[in-house]
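The lines below spell out each chain.
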There are 2 protein chains.
Amino acid sequence: MSYPASLQKLIDLFTKFPGIGPRQAARLAFFITKDENSLAESLASALIQVKEKTVICKNCFRTMEKNLKDLLVCSTCLSPGRNKTIITIIEKEADLINLEKSGSYNGLYHLLGGVISPLDSDSPRKLKLREMFDRIKDILEGQGQAEIILATNPTTEGDTTALYIERVLLPLKNKYPRLVISRLARGLSLGSELEYADETTIKSALDNRTQRT
Amino acid sequence: MSYPASLQKLIDLFTKFPGIGPRQAARLAFFITKDENSLAESLASALIQVKEKTVICKNCFRTMEKNLKDLLVCSTCLSPGRNKTIITIIEKEADLINLEKSGSYNGLYHLLGGVISPLDSDSPRKLKLREMFDRIKDILEGQGQAEIILATNPTTEGDTTALYIERVLLPLKNKYPRLVISRLARGLSLGSELEYADETTIKSALDNRTQRT
């Protein structure tokens with residue numbers, strides 16, 4: 001005894017998503033077969049719509065809404081109020097949204113689309129690293145200066161990725177001494193307690209302490 | 001700054017699935033926008049297909065393939081080789097498949113579609129309990145006998161559900177003394193070790209020990 005063919009196909013497709021194993025895929029598929037609120041139809045049309053109405057910005061690789069002028073560059077990259085010589089390198093779209101929410105950044109972004117994983121030797125090729133390098137070189141050639149903020153997450157993989165990018169970009173400094181590479185500060189988060197902070201965070205908070213007159 | 005409308009809609013739909021929160025929903029949606037293998041189209045058509053080609057058996061509530069004769073009862077329920085006076089009550093479809101794989105069962109099934117949750121007072125109404133009761137009564141009226149095997153999982157919620165069903169069915173015994181209600185045996189699983197077994201399992205294994213000669 002096995003599942004009906006159409007059901008098995010749906011299960012197989014769900015397993016293609018990141019973080020969804022065969023068991024959860026089956027659970028999702030059965031939720032569809034048992035559902036009485038036409039979720040299948042809504043989801044099917046939402047899937048088609050999202051592919052029709054969105055496009056990836058060819059500059060920063062964010063998902064953006066297609067617009068009437070058929071532009072392939074997002075509103076952030078085009079905004080005249082943004083400093084186009086500062087680029088923040090981030091892992092994923094959700095990180096970008098949160099950075100924007102802070103309201104304290106006025107430069108551009110570059111979405112890597114993931115991190116370098118020590119367990120997946122193919123991972124650097126899946127990231128938008130080549131595109132990042134070319135983009136930074138173009139800015140340096142045009143403006144003579146650039147600041148690159150490495151904002152990958154403070155995880156082993158995020159740090160590995162930041163280190164990798166740093167090494168790739170450093171040679172550019174010979175030709176363009178006004179290239180600045182920085183990394184988001186490490187320290188205590190708001191609402192955290194020293195009692196529970198890990199050693200690395202405490203060390204960073206001490207090393208990077210800020211002087212008050 | 002927020003997500004494009006079509007993307008937000010897709011995220012909202014993904015969160016309707018069991019076990020998918022807003023973060024995973026966003027991750028799935030971005031996987032779709034970045035995907036280049038037309039996964040969106042395949043998934044959209046698989047969703048429509050599964051709703052077109054499958055139907056819920058009106059007897060045991062399994063997902064079954066629609067057939068040419070437009071029958072609304074599944075092949076297991078119709079099979080002449082199956083003992084129609086034995087019904088195993090199970091939580092979900094994946095449990096059924098595994099029970100069938102064992103090859104040691106020849107009766108019918110009844111899918112509850114979940115368990116009674118102490119935290120959700122509405123949960124009994126979501127299950128196919130009314131239908132289960134009517135089905136068992138029909139069998140008893142027709143055949144004068146029935147065995148009900150309670151095969152909910154050995155979890156707090158599964159046990160609560162089994163206990164609830166037992167109480168619901170017990171009054172039927174007055175009229176039909178040949179109604180047998182049983183529960184799947186508890187004991188040590190194959191490959192497990194006494195050293196690591198929990199107390200409840202050891203107690204069950206002792207209480208239900210089987211005599212050899």
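First, a word on what this report is: a plain description of the structure on this page. (Residues numbered from 1 in each chain as written. Chains lettered and ligands numbered in written order. Predicted model: local features only at pLDDT ≥ 70, side-chain atom pairs only at ≥ 80, totals over all residues.)

1. Describing the interface of chain A and chain B
Rules: Residues are scored as being in contact if the C-beta atoms we place from backbone atoms lie within 7 Å. Counting from the N terminus, the helices are the DSSP runs of H or I reaching at least four residues and the strands are the DSSP runs of E reaching at least two. Charged residues are taken to be Asp, Glu, Lys and Arg, nonpolar residues to be Ala, Val, Leu, Ile, Met, Phe, Trp, Tyr, Cys and Pro, and polar residues to be all remaining types, Gly included.
Across the contact, 43 residues belong to chain A and 43 residues belong to chain B. The set of elements that each furnish at least two residues to the side of chain A that touches chain B consists of helix 1 (5–14), helix 2 (22–34), helix 3 (39–53), strand 1 (54–56), strand 2 (63–65) and helix 5 (93–101) of chain A. Looking at the side of chain A that touches chain B element by element, the count peaks at 12 residues for helix 3 of chain A. Taken together, the residues of the side of chain A that touches chain B sort by class into 25 nonpolar, nine polar and nine charged.

2. Side note on the nonpolar core
A general trend in soluble globular proteins is that nonpolar side chains are found buried together. The following threshold applies: As used throughout, a nonpolar core is a set of buried Ala, Val, Leu, Ile, Met, Phe, Trp, Tyr and Cys residues joined through C-beta atoms within 7 Å of each other. The exposure label follows from counting other C-beta atoms within 10 Å of a residue's C-beta, where the C-beta atoms are placed from the backbone and the thresholds are 20 or more for buried and 12 or fewer for exposed, leaving partly exposed in between.
Counting 38 residues, the largest nonpolar core has L10, A29 and L47 of chain A together with L10, A29 and L47 of chain B as the members making the most contacts within it. At the level of elements, helix 1, helix 2 and helix 3 of chain A together with helix 1 (5–14), helix 2 (22–34) and helix 3 (39–53) of chain B are the ones that each hand at least two residues to this core. Filtering out sequence-adjacent residues up to four positions away, A29 of chain A remains in contact with L7, L10, I11 and F14 of chain A together with V50 of chain B.

3. Quick word on the sheet that holds strand 5 (residues 146–150) of chain B
Residue and element names in this part refer to chain B. Inclusion rule: At least two DSSP bridges between two strands are needed for those strands to be called paired. Between N-to-C directions, angles span 0 to 180 degrees; the directions come from axes that are lines fitted to C-alpha atoms, helices contributing only their stretch in contact.
Read across the sheet, four strands follow the order 4-3-5-6 without closing on themselves; strand pairing throughout is parallel. This sheet does not close on itself; its edge strands, each paired only once, are strand 4 (108–111) and strand 6 (179–183). Neighbouring strand axes in the sheet, compared pairwise and without regard to direction, differ in orientation by 25° on average. Of the pairings in the sheet, the one linking strand 3 (residues 86–90) to strand 4 comprises four bridges and is parallel in character. Bridged to T88 within strand 4 is Y109. Along the sheet, helix 7 (residues 129–143) contacts strand 3, strand 4, strand 5 and strand 6; its crossing angle with strand 5, the most-contacted strand, is approximately 150°. Along the sheet face, helix 8 (residues 156–169) touches strand 3, strand 5 and strand 6 and points at about 160° away from the line of strand 5.

4. Digging into helix 3 of chain B
Using the following cut-off: Helix span, as expected, comes to 1.5 Å for every residue beyond the first. Each direction from the helix axis to a C-beta atom contributes to the arc, which is the arc of those directions.
The first and last C-alpha atoms of helix 3 of chain B sit 20 Å apart over 15 residues, in line with the 21 Å expected at 1.5 Å per residue. For helix 3 of chain B, the full list of buried residues reads A40, L43, A44, A46, L47 and V50 of chain B. Buried positions in helix 3 of chain B, seen along its axis, are confined to an arc of 165° and lie on one side of it. Buried residues along helix 3 of chain B sit against helix 1, helix 2 and helix 3 of chain A together with helix 2 and strand 1 (54–56) of chain B.

5. Some remarks on the relation of the copies chain A and chain B
Rules: Least squares is the method for superposing the copies, and the C-alpha atoms it fits come from residues with pLDDT of at least 70 in both.
Each copy of the sequence occupies a distinct position, and chain A is placed on chain B by a rotation of 180° and an axial shift of 0.0 Å, giving an RMSD of 0.1 Å. The relationship between the two copies is best expressed as a two-fold rotation axis. When C-alpha positions in chain A are compared against the rotation axis, the closest is assigned to A44 of chain A, at 2.0 Å. Here 100% of the contact residues of chain A are again contact residues in chain B; the copies associate through an equivalent surface.

6. Side note on the sheet that holds strand 4 (residues 107–111) of chain A
Residues and elements named next belong to chain A. Pairing is parallel in the open sheet, where four strands are placed in the order 4-3-5-6. What marks the edges here is a single partner per strand, and that holds for strand 4 and strand 6 (179–183). Pairs of neighbouring strands in the sheet enclose a mean axial angle of 25°, with direction left out of account. Both strand 5 (residues 146–150) and strand 6 contribute to a ladder of five bridges, which runs parallel. Each bridged residue has a counterpart across the sheet, and for E147 the counterpart in strand 6 is V180. Packed onto the sheet, helix 8 (residues 156–169) meets strand 3 (83–90), strand 5 and strand 6 and runs at close to 160° relative to strand 5.

It is worth stressing that arrangement in space is one thing and function is another; only the former is reported here.
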